[in-house]
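Understanding the architecture of this molecule
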Amino acid sequence: MSIVTVQLGQCGNQTGHEVFSALISDIRGTHGLCSKKENESYHDSCKERFFCEEESGVPVARAVLVDMEPKVISQTLSMAARSGHWKYNSHSHFCQKQGSGNNWANGYSLHGPRHKEVIMNLVQKEAEKCDRLGGFFTIMSMAGGTGSGLGAFVTRCLRDAFPTSFILNHVIWPYGTGEVIVQNYNSVLTLSHLYQSSDALLVHENDVIHKICAQLMNIKQISFRDVNQVIAHQLGSVFQPTHTAGEGSGYSRNPLGDLMEALVPHPEFKLLGLRNIPQMPENSLAYSTFSWPGLIKHLRQMLIANAKMEEGIDWQVRPPHPGSSIPSTNKPLHFNTSIANLVILRGKDVHGAELGSFQDPSLYTSWLNPQDAFSAWKTPRAFNKYEKSASLVSNSQFLLKPLDSIVGKAWNMFASKAYLHQYTKFGIQEEDFLDCFTTLEQVISSYTNL
């Protein structure tokens with residue numbers, strides 16, 4: 001099944017470009033470290049998901065690019081075409097000349113309705129090119145105006161136009177210290193609206209990715225492109241083909257559907273986080289060896305201690321003892337309770353890897369059977385030059401702190417009516433804000449009580 005990607009705003013378009021580049025460089029590599037037959041079916045499966053073929057033989061990304069200013073889209077289109085390995089469809093983009101001025105309401109209430117027809121026609125055309133449509137993957141940031149406001153609007157239109165398709169929103173969480181004075185307002189409005197229309201939100205925090213660039217990738221002057229490449233690598237490690245069931249079942253047909261089935265058992269809980277190990281500069285790879293037990297042990301501790309990367313994990317955090325009926329408020333401090341987890345292993349000897357430690361009932365909330373709460377996908381095909389790599393997609397309490405902080409900051413500004421006039425002039429009233437706060441307070445409370 002194929003996935004149509006919708007790239008929204010500057011951040012969404014730049015990240016989307018890196019995602020497609022990462023997918024292509026992975027399938028073009030001769031480093032599959034697996035049988036020729038396995039490699040070919042992996043190759044075909046990836047192409048069907050994310051690209052359509054042209055007569056010229058150059059894969060064309062199944063994507064729609066939307067921005068309210070032309071610069072980023074024209075850069076993105078030409079960078080892809082220059083690579084010679086893939087390109088965007090030259091008609092699948094829409095841009096205007098004026099921008100959204102970092103104002104969510106401008107994107108949602110003004111640009112959205114005004115350009116709805118053109119944008120949805122582009123999406124419809126891409127969807128019709130798919131033999132079987134698996135769903136939509138949107139990429140956007142929460143802090144600005146176009147990605148967040150227009151992104152929330154387009155997601156709502158996708159839900160109306162394709163009621164039975166899966167929608168996964170990839171959301172880039174702003175730096176804590178902030179790029180935009182009203183980013184907390186924009187974020188609260190985006191998250192609460194996406195919660196209504198989307199099947200799940202996959203979140204990357206800029207601060208975390210920045211740290212990975214600095215500490216694991218040893219990059220001295222970190223650019224947005226470095227950050228986006230780490231995000232793209234992590235997304236590729238989830239979306240490239242895998243076997244979701246036992247051996248011999250072929251590659252999974254519907255990646256978005258499988259992801260939702262594994263991770264979103266209840267519509268109140270749809271925040272997903274992603275960890276991927278190992279991550280290191282390419283020139284260090286040749287000198288590193290990894291074992292499955294080591295990678296799995298690290299990944300599990302990252303999950304329960306809510307560590308964002310494999311350096312600096314707190315090994316003191318332990319799951320509560322089974323049978324000790326402590327109410328959730330007295331759980332060991334810093335322990336991260338999960339609703340559902342998915343581990344994806346790629347590389348050599350993958351079928352010998354033992355994942356029993358992820359089925360420990362004490363990792364999960366009491367209302368789900370650990371057998372249902374944990375899934376594993378595997379493939380012997382190595383990913384992106386890593387002989388062995390492991391990813392964890394987790395529906396757990398990992399975002400509670402950042403979410404609480406953003407809602408708190410936005411509420412303090414709202415209580416003193418700061419900058420509200422910028423939103424009310426585009427028709428977003430105080431009651432709209434209050435509805436959004438209520439939605440997110442409910443999400444916070446549900447995750448806190450796990």
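Counting from 1, residues in each chain are numbered in the order their sequence is written. It should be noted that, the model being predicted, local features are given only for residues of pLDDT at least 70 and side-chain atom pairs only at 80 or more, the latter also being counted only at that level, while totals for whole chains, interfaces and linings use all residues. As a convention, hydrogens and water are excluded, and side-chain values are obtained from all of the structure's heavy atoms.

**Quick notes on the pairing of strand 11 (residues 338-347)**
Working note: regular strand, side chains alternate between the two faces of the sheet. Burial runs high along strand 11: 10 of the 10 residues are buried. For two strands to be treated as a pair, DSSP must find no fewer than two bridges joining them. Secondary structure counts use DSSP, requiring at least four H or I residues in a row for a helix and at least two E residues in a row for a strand, with both numbered from the N terminus. The pairing of strand 11 with strand 12 (residues 374-379) spans 6 bridges and is classified as parallel. The partner of Arg346 across the bridge, within strand 12, is Thr379. Categorising residues by exposure relies on relative accessible area from a 1.4 Å probe, with only protein chains included: less than 20% of the type maximum marks a residue as buried, more than 50% marks it as exposed, and the intermediate range marks it as partly exposed.

**Points about the packing of aromatic side chains**
Side-chain rings of Phe, Tyr and Trp, where Trp is taken by its six-membered ring, are said to pair if the distance between their centres is within 6.5 Å; with planes under 30 degrees apart they count as stacked, over 60 as edge-to-face, and otherwise as tilted. According to the stated counting rule, one finds 22 aromatic pairs in the structure shown. Each ring, one from Trp104 and one from Tyr108, has its centre 4.5 Å from the other, and the planes form 15°; the classification is stacked. Here Trp104 and its partner Tyr108 are both found in helix 4 (residues 104-128), 4 residues apart, which amounts to about one turn of the helix. Measuring from centroid to centroid gives 5.0 Å for Phe269 and Tyr447, while their planes differ by 90°, and the two rings are edge-to-face. Within this pair, whereas Phe269 is found in the loop between helix 9 (255-263) and strand 10 (271-277), its partner Tyr447 is found in helix 15 (residues 430-448), the two being separated by 178 residues in sequence. With relative accessibility at 6%, the residue Phe269 sits in the buried group. An aromatic cluster is present here, built from Phe20, Phe50, Phe51, Trp86, Tyr88, Phe137 and Phe239 joined pairwise through their rings. Sitting over a ring, as applied to charges here, requires NZ of Lys or CZ of Arg to be within 6 Å of the ring centre and within 35 degrees of the ring normal. Cation over ring: Arg346 sits above Phe383, and NZ or CZ is 5.8 Å from the ring centre.

**Focus: the sheet that holds strand 3 (residues 59-61)**
Sheet strands pair via backbone hydrogen bonds, and the direction of the pair is either parallel or antiparallel. Taken together, 3 strands build an open sheet; the order of strands is 2-3-5 and the sheet is mixed. Pairing within the sheet leaves two strands with one partner each, and these edge strands are strand 2 (51-53) and strand 5 (87-88). Inspection of the sheet shows strand 2 paired to strand 3 by 3 bridges, in the antiparallel sense. Pairing of Phe51 across the sheet is with Ala61, part of strand 3.

**Regarding the side chain of Gln240**
Positionally, Gln240 belongs in the loop between helix 8 (224-239) and helix 9. With relative accessibility at 0%, the residue Gln240 sits in the buried group. As used in this structure description, the phrase polar contact means that two N or O atoms lie within 3.5 Å; if the pair is within protein, one of them must be able to donate a hydrogen and the other to accept it, and residues adjacent in sequence are counted only when both atoms belong to side chains. Within the local environment of Gln240, its side chain forms a polar contact with the backbone oxygen of Leu23, the two atoms lying 3.4 Å apart. A polar atom in the side chain of Gln240 sits 2.8 Å from the side chain of Asp26.

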